[in-house]
Amino acid sequence: MCGISGVVDSQSKANVESMVRAMHHRGPDDSGLYSDEFISLGMARLAIIDLSPLGHQPMQSHNCRYWIVFNGECYNFKEVRAKLEKRGARFKSGSDTEVVLEAYSEWGESCLGELNGMFAFAIWDTQEKKLFAARDHLGIKPFYYTIRNEVLIFGSEIKTLLASGRVENRIDDEAVFQYFTFGHIQQPKTILQDVHALLPGHYLTWTESNLAIKSYWALSSKPVSLGYEEAKEKLLEQVNRSVKMQLVSDRPLGLFLSGGLDSATVLAAMHASGASIKTFSIGFEENPYTKNEAKDAEELAEHFGARHHQIIIDAGIVKNELESFWKALDQPSVDGLNTFLVSKYATEHMTVALSGLGGDELFAGYARHARMMWKLANGNLLNGLANAIIPVRMLSRKDAIGRWSYRVKQNVDRSDLLRNYTYTRALSSLSGSLALLSDDLLRNLDPDAQFFTQYKSLNNLKNSTNLNKVLALDIQGFMGSMLLRDMDATSMWHSLEVRFPLIDYKLAEFAFSLPDEYKLDFNPSRKPPGEGKLSYRAAGNKKILMDTMEPFLPKGFADRPKNGFKLPVNLWLKSFKKERLREMIMDEKGKWEPYISAQTIDQTLREEKVNYSIIWRALCFTKTISWFEKISVS
């Protein structure tokens, strides 16, 4: 796990040296630089596999033609290495980086068909003067790039690009709208103008100032004819295979254990592999579910003989960590604080952590999935949408938002499940926060057009079931652009590698091949519940995953309620004086004034019942972008 950077330009060595320094947190074990008359490549290394100097990067190929900088892990590198050795390849190290490099040397772009892992890497061809860069199938590892004056600049973080001194700190208006709508920015867009995220499952080539981007993998829905019992057996095989493959590490490894089904699934598979297991969980003093979650996690750890560690966080600790969190976040998002905190304390016990993230997205684990299918089954897609419209009291200053809300309510097609799902998801998350946008920004953007463009870009899973289309939207949007992105930025701030066995791309392909009723078992005659009100069995979410894993879990596990991991952010912010919150936001006013309304901030904080969700969204925006100016002028 590392941070990578590069500038394809003859005068770039000093730029890349600065980029490497800016991402030291991603790789404190080693750093390196390769530079010639055409390019400079930089690396900050967190050594996980082959801790020796032979794993140093940038790394040169055996034939001396190629140089690579590699961030991530290739989990099947031993199998790929064996294939290459049969074809005459020779290796100097035991690292997966060298395997990826020699795979490209042997197979070129088609090497991506051989790799299974989480990765973002760039390879320079000194003979053809060509850069090849790729990102893993589901976008676990980040790759940001921009073109300035016909020069390609890339890196693992936005801060990395700014540190080059060749990327301007110019905020993208459409990205601001996306953030205040969804709570995150949808890739390939980033918060900076003309800075892009390479999409998951894509690669790029750069030759003589020409950029080409292609897809090498995408989620698809190819149904298979499997009976339910056979599908359970296959699922168990896939889970055990993925977890066992991701246990490879030369550094201490453990598991983030929440007490829910997803992390319990990973724990059970770790136990089946014979691994010695360390688990780590975190709770929050102000969260009413903490005691139950702690008890569930402890029971799971004891059931599988794991060494369990737990820490409870309170408001005082959070207050002391907020400034560091916003610095780590890299671009505005309302998520990520939980990963930042758990990573900080987990590093005392491990360098690599497995996570159960992805089970909800692959196997329909959220209550909203059942609610949406219930609406579809009952011909009532618009039921409840009116309640998601921005509160009228927040619209008094912004007629444009009111018109948009009315248009959404009137025009969302009852038969269009996806559009209804995405509009409802966005509107329910707004809680009035779109009213934070400045008048100037609203005048220059049509919110309805912006949202519909976003919806169309996500709706690309063709010839599929309604449920799979909804799950694909969550994978590409909520999971891909927020959960995974934020987890990478905040965990790597603490030099912690996080792995996600449940979103192994082969496991994802299998999940999407299953019939809807294998994943979601709900009664269309009964309105589905909200989060945490019914047990896994009664709610019917993640049916096949629960049925597959139940024999291995503690007795009665399926009858427990599913509790989402909730941060008590509102209670933490409530512990601040209102004037202090106002000062925290207004301290950065010169940086955010073109984008959000000071009037709305004042109005919100004057209310008897403060909408702290709006204040949190404002803080995460203003505090994160404030770091950009400090980086770009340093």
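## Remarks on the overall build of the protein chain
Now for step 1: When helices and strands are tallied, the protein chain shows 27 helices and 17 strands.
Now for step 2: Across the 634 residues in the protein chain, those meeting the buried criterion constitute 62%.
Now for step 3: Put simply, 74% of the contacts in the protein chain that link residues at least 6 apart link residues at least 24 apart.
Now for step 4: With the model as given, the accessible surface of the protein chain reaches about 24100 Å², and the carbon-plus-sulfur share is 47%.

## A closer look at the nonpolar core
Now for step 1: Counting residues in each nonpolar core, the largest one holds 178 residues, and the members touching the most others are Phe121, Ile191 and Phe621.
Now for step 2: The element that contributes the greatest number of residues to this core is helix 27 (residues 612–633), accounting for 12 residues.
Now for step 3: Beyond its immediate chain neighbours, meaning those up to four positions away, Phe121 contacts Ile4, Ile68, Val69, Phe70, Val100, Leu112, Leu115, Phe132, Ala133, Ala134 and Phe143.
Now for step 4: Listed in part, the 21 residues of the second largest apolar core include Val8, Leu41, Phe154 and Leu198.

## Comments concerning the pairing of strand 13 (residues 253–256)
Now for step 1: By the bridge criterion, three bridges tie strand 13 to strand 16 (residues 352–354) in an arrangement that is parallel. Counterpart to Gly254 in the pairing with strand 16 is Ala353.
Now for step 2: Bridge analysis of strand 13 against strand 14 (residues 278–284) gives two bridges, and the strand direction is parallel. The partner of Phe256 across the bridge, within strand 14, is Phe280.
Now for step 3: After leaving strand 13, the chain enters helix 7 (residues 261–272) and then returns to the sheet as strand 14, a path that is right-handed.

## What about the packing of aromatic side chains?
The relation between two aromatic rings is expressed through the spacing of the ring centres and the mutual angle of the planes.
Now for step 1: All told, the structure shown has 21 aromatic pairs when counted by the stated rule.
Now for step 2: Their ring planes at 70° and their centres at 5.3 Å tell us that Phe284 and Trp572 sit as a pair that is edge-to-face. Here Trp572 lies in helix 23 (residues 569–574) and Phe284 lies in strand 14, a separation of 288 residues in the sequence.
Now for step 3: Here Trp572 falls in the buried class, since its relative accessible area comes to 3%.
Now for step 4: Over the ring of Tyr345 we find Lys344; its NZ or CZ atom is 6.0 Å from the centre of that ring.
Now for step 5: Arg368 extends its terminal NZ or CZ atom over the ring of Tyr366, reaching a point 4.1 Å from the ring centre.

## So, the sheet that holds strand 15 (residues 307–313)
Where strands meet in a sheet, backbone hydrogen bonds hold them as pairs that are either parallel or antiparallel.
Now for step 1: Spatially, the five strands line up as an open sheet ordered 15-14-13-16-17, and their pairing is parallel. Two strands in the sheet have a free side with no partner beyond their single neighbour: strand 15 and strand 17 (497–499). Each strand of the sheet is rotated relative to its neighbour by a mean of 30°, with strand direction disregarded.
Now for step 2: Sheet analysis places strand 14 next to strand 15, joined by seven bridges and oriented parallel. When the sheet's bridge partners are listed, Ile282 is paired in strand 15 with Ile311.

## Thoughts on the sheet that holds strand 1 (residues 2–7)
Now for step 1: Read across the open sheet, the six strands follow the order 2-3-1-9-8-10; overall the sheet is antiparallel. If you trace the sheet from one side to the other, it starts and ends with strand 2 (30–35) and strand 10 (196–197), each paired once.
Now for step 2: Its contacts with the sheet put helix 1 (residues 13–22) on strand 1, strand 2, strand 3 (40–45) and strand 9 (151–155), and the angle it makes with strand 1 is roughly 160°.

## Focus: the packing of helix 6 (residues 228–245) against helix 19 (residues 505–513)
When two helices pack together, their arrangement is given by the angle between the helix axes and by the axis-to-axis distance.
Now for step 1: Packing of helix 6 against helix 19 brings their axes to within 9 Å, and their N-to-C directions diverge by 165°. Considering the angle they form, helix 6 stands roughly antiparallel to helix 19. Crossing geometry of helix 6 relative to helix 19 is assigned as left-handed. Where helix 6 abuts helix 19, its residues Ala231, Lys234, Leu235, Gln238, Val239 and Arg241 lie against Lys506, Leu507 and Phe510.
Now for step 2: When the residues that make up the contact of helix 6 with helix 19 are grouped by side-chain class, the tally is five nonpolar, one polar and three charged.

## Some remarks on the layout of surface pockets
Now for step 1: Approximately 490 Å³ is the volume found for the second largest pocket.
Now for step 2: Taken together, 21 residues form the lining of the second largest pocket, with Leu199, Pro200, His202, Asn460 and Gln476 sitting closest to its centre.
Now for step 3: Looking at the lining of the second largest pocket, the elements with two or more residues in it are helix 17 (447–458) and helix 18 (466–492).
Now for step 4: Looking at the lining of the second largest pocket, its residues break down into 10 nonpolar, 10 polar and one charged.

## Section: the packing of helix 2 (residues 77–86) against helix 3 (residues 96–107)
Now for step 1: With their axes 10 Å apart at the nearest point, helix 2 and helix 3 run at an angle of 45° to one another. In this view, helix 2 runs oblique relative to helix 3, as classed from their interaxial angle. Two packed elements cross with a definite hand, and for helix 2 against helix 3 that hand is left-handed. From helix 2, Phe77, Val80, Arg81, Lys83 and Leu84 reach across to helix 3, where they touch Asp96, Val99, Glu102, Ala103, Glu106 and Trp107.
Now for step 2: Classifying every residue of the contact of helix 2 with helix 3 by side-chain character gives six nonpolar, no polar and five charged.

## Section: the pattern of salt bridges
Now for step 1: Tallying each qualifying case throughout the model produces 35 salt bridges.
Now for step 2: For Asp125, the salt bridge goes to Arg65, with nearest N and O atoms at 2.8 Å. Here the residue Asp125 occupies a position in strand 6 (residues 117–125), and Arg65 occupies one in the loop between strand 4 (59–60) and strand 5 (66–74), the gap between them amounting to 60 residues.
Now for step 3: Across the pair Asp547 and Lys543 runs a salt bridge, and its minimum N-O distance is 3.2 Å. Of this pair, Asp547 and Lys543 are both found in helix 22 (residues 543–549), four residues apart, which corresponds to roughly one turn of the helix.
Now for step 4: Each member of the salt-bridge network shares a partner with another, and the members are Arg26, Lys141, Glu157, Lys159, Asp330 and Asp488.

## A closer look at the side chain of Ser491
Now for step 1: Looking at the element boundaries, Ser491 is found in helix 18.
Now for step 2: For Ser491, a relative accessible area of 2% gives the class buried.
Now for step 3: Excluding its chain neighbours within four sequence positions, the residues that come into contact with Ser491 are Thr339, Ser343, Leu496 and Val498.

## So, helix 3
Now for step 1: With 12 residues, helix 3 should cover 16 Å at 1.5 Å per step; its first-to-last C-alpha distance of 16 Å lies within 8% of that length.
Now for step 2: Burial analysis of helix 3 places nine of its 12 residues in the buried class, the great majority of the element.
Now for step 3: Next to the buried residues of helix 3 lie strand 4, strand 5, helix 2, strand 6 and strand 7 (130–135).
Now for step 4: Phi turns positive, to about 65°, at Gly108, one or two residues after helix 3.

About the thresholds
Residues numbered from 1 in each chain as written. Predicted model: local features only at pLDDT ≥ 70, side-chain atom pairs only at ≥ 80, totals over all residues. Heavy atoms only, no water. Helix = DSSP H or I, 4+ residues; strand = E, 2+ residues; numbered from the N terminus. Buried < 20%, exposed > 50% of the residue type's maximum accessible area, 1.4 Å probe, protein only. Contact = heavy atoms within 4.5 Å. Areas by Shrake-Rupley, 256 points an atom, 1.4 Å probe, with all protein chains shown as cover. Core = buried A, V, L, I, M, F, W, Y, C linked by side-chain atoms within 4.5 Å. Pairing = 2+ DSSP bridges. Right-handed = clockwise from strand over helix to strand, strands pointing away. Phe/Tyr/Trp six-rings, centres within 6.5 Å; stacked < 30°, edge-to-face > 60°. Lys NZ or Arg CZ within 6 Å of the ring centre and 35° of its normal. Axes fitted to C-alpha atoms, helices over the stretch in contact; angles between N-to-C directions. Parallel < 35°, antiparallel > 145°, perpendicular 65-115°, else oblique. Left-handed = near helix turned anticlockwise from the far one by under 90°. Nonpolar A, V, L, I, M, F, W, Y, C, P; charged D, E, K, R; others polar. 1 Å grid on protein atoms, 1.4 Å probe; cavity = no way out; pocket = protein on both sides within 12 Å on 5 of 7 lines; lining within 4 Å. Points joined across faces, edges and corners; volume = space filled by probe spheres on them. Salt bridge = Lys/Arg side-chain N within 4 Å of Asp/Glu carboxyl O. Expected span 1.5 Å × (residues − 1).

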